[in-house]
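Architecture and fold: a report
Spelled out, the chains give:
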Amino acid sequence: MALLAPNPLPSGLRLRLKRTNATVAAARSPSVHVHPLPDELQLVADIRSPYNHIRVADVSPRAAGHPLAGARLLLLDGPGNIHSLSFPRRAGQPPLTATYLDTFATLPPLLPRASLAVLGFGAGSAARALLHFYPDLSVHGWELDPAVLAVARDFFDLAELEKDHAARLSVHVGDALAARAPPGGGFGGAVVDLFAGGSVLPELQEPDTWRRLGGIVARGGRMMVNCGGACVEAEEEGRHGEAVKDATLRAMATAFGDGMVSVMEVDESWVAMTGPPVTVPEVAVAWKARLPPELRHSVDAWRPYSRTSGE
């Protein structure tokens, strides 16, 4: 899963942010090897659902120098990929994570209307930042696994978030690929963060999937997508992160057209965005002016994607 990747913890378990909105076909097999937690993590909860092996763990605040020190993590997949995170000790501060999730929070100023679909909701890390920074924004999230949402409410304050933003946040249990647009012309935009088995969903390497997902977005809207990258290690052999990322980007470019996909790479992970290029100076300047200061730095990292060059 694409992100501003944290460094591996010293024990050797490579903690990366991966979002999993698993399908029934990709439900976890008991044969999948589950990695033990490193010493820096304290296990808080361990739950198995038909879709996931769910673990909640806290990173020691004494993990000196590690960007996730003091974080609470939602771990899915056999290797323990990070699905969502929060920093419960940072009360009163903006809910930023120093990961790709913060990049998702830059999307609303580019949208034609203040509504956003989050496909792959997890424990609500992206939604929390979006609702914090944009008081007029409504968010609809989709998560297939109800056990993930139950864990999010118990351990990641999702119930509080839903109560505080009852008029602006709706969380749906169901397949994100079957999400439907609201009446009146679709969402202003969508965040797509769909992984299963440590890999971008196979359906996202198909142009028809992107054409269908594009139908839930209003005219002039955009999607921002986690495409994974070289840092992603799938449970299934042959689904190498770099190749899956390339196939996902090609499918998006086929669906939306050359010049209508931009990319940002951070630490071997890639985030893509649909719509006209944001690298035009006047567009970038106007975008930055509408962003909170904490989020402006990522605007300059975008560049056009080309199917011929692969970037």
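Residues numbered from 1 in each chain as written. Predicted model: local features only at pLDDT ≥ 70, side-chain atom pairs only at ≥ 80, totals over all residues. Heavy atoms only, no water.

- In the annotation of an unreviewed UniProt entry, the entry for the chain reads Spermidine synthase, and the organism field reads Miscanthus lutarioriparius.

1. Let's talk about the overall build of the chain
- Within the chain one finds seven helices and 14 strands.
- Burial status across the chain gives 57% buried among its 311 residues.
- When contacts within the chain are restricted to residue pairs at least 6 apart in sequence, long-range pairs at least 24 apart make up 68% of them.
- Carbon and sulfur atoms make up 52% of the accessible area of the chain, which amounts to about 12700 Å² in all. (Helix = DSSP H or I, 4+ residues; strand = E, 2+ residues; numbered from the N terminus. Buried < 20%, exposed > 50% of the residue type's maximum accessible area, 1.4 Å probe, protein only. Contact = heavy atoms within 4.5 Å. Areas by Shrake-Rupley, 256 points an atom, 1.4 Å probe, with all protein chains shown as cover.)

2. As for the packing of aromatic side chains
- Summed over all chains, the structure comprises two aromatic pairs.
- Relative to phenylalanine 104, the ring of tyrosine 100 lies with its centre 5.1 Å away and its plane at 90°, an arrangement referred to as edge-to-face. Remark: phenylalanine 104 and tyrosine 100 occur in helix H1 (residues 100-104); sequence separation between them is four residues, near one turn of the helix.
- Residue tyrosine 100 is classed as buried on the basis of its relative accessible area of 1%.
- Between the aromatic rings of tryptophan 142 and phenylalanine 187, the centroid separation amounts to 6.1 Å while the plane-to-plane angle is 85°, which identifies the pairing as edge-to-face. Here tryptophan 142 is found in strand E6 (residues 138-143), whereas its partner phenylalanine 187 is found in strand E8 (residues 187-192), with 45 residues between them in sequence. Take tryptophan 142 and phenylalanine 187: they sit in the same class, and that class is buried.
- For arginine 90, the ring lying beneath its charged end belongs to phenylalanine 87, and the centroid distance is 3.7 Å.
- Between lysine 245 and the ring centre of tryptophan 270, over which it is positioned, the NZ or CZ distance is 3.9 Å. (Phe/Tyr/Trp six-rings, centres within 6.5 Å; stacked < 30°, edge-to-face > 60°. Lys NZ or Arg CZ within 6 Å of the ring centre and 35° of its normal.)

3. Observations concerning the pairing of strand E1 (residues 41-48)
- Both E1 and strand E2 (residues 53-59) contribute to a ladder of seven bridges, which runs antiparallel. In the sheet register, arginine 48 faces E2, and the bridge partner there is histidine 53.
- Where E1 hands over to E2, the hairpin turn is made up of four residues, counted between the paired strands. (Pairing = 2+ DSSP bridges.)

4. So, the environment of valine 118
- Locating valine 118 in the fold gives a position in strand E5 (residues 115-119).
- Using a relative accessible area of 1% as the deciding quantity, one classes valine 118 as buried.
- With 106 residues separating them in the primary sequence, valine 118 and methionine 224 have C-alpha atoms 9.7 Å apart.

5. A word on the sheet that holds strand E12 (residues 261-266)
- Read from one edge to the other, the open sheet built from eight strands follows the order E7-E6-E5-E8-E11-E13-E12-E14, with strand pairing classed as mixed. The open sheet has two edge strands with one neighbour each: strand E7 (169-173) and strand E14 (303-304).
- Here E5 runs beside E8; their pairing, made up of four bridges, is parallel. Opposite leucine 116, over in E8, you have glycine 189 as the bridge partner.
- Across the face of the sheet, helix H2 (residues 125-133) comes into contact with E5, E6 and E7 while running at roughly 175° to E6. (Axes fitted to C-alpha atoms, helices over the stretch in contact; angles between N-to-C directions.)

6. Some remarks on the sheet that holds strand E3 (residues 72-76)
- Strand order across the open sheet formed by four strands is E1-E2-E3-E4, with antiparallel pairing between neighbours. The sheet is open, and its two borders are formed by E1 and strand E4 (81-86), each paired with just one other strand. The sheet shows a mean angle of 25° between the axes of neighbouring strands, taken without regard to direction.
- Note: E2 against E3, four bridges, orientation antiparallel. Its bridge partner being in E3, arginine 55 is matched across the sheet by leucine 75.
- Contacts from helix H3 (residues 146-155) reach E1, E2, E3 and E4, with the element oriented near 25° to E2.

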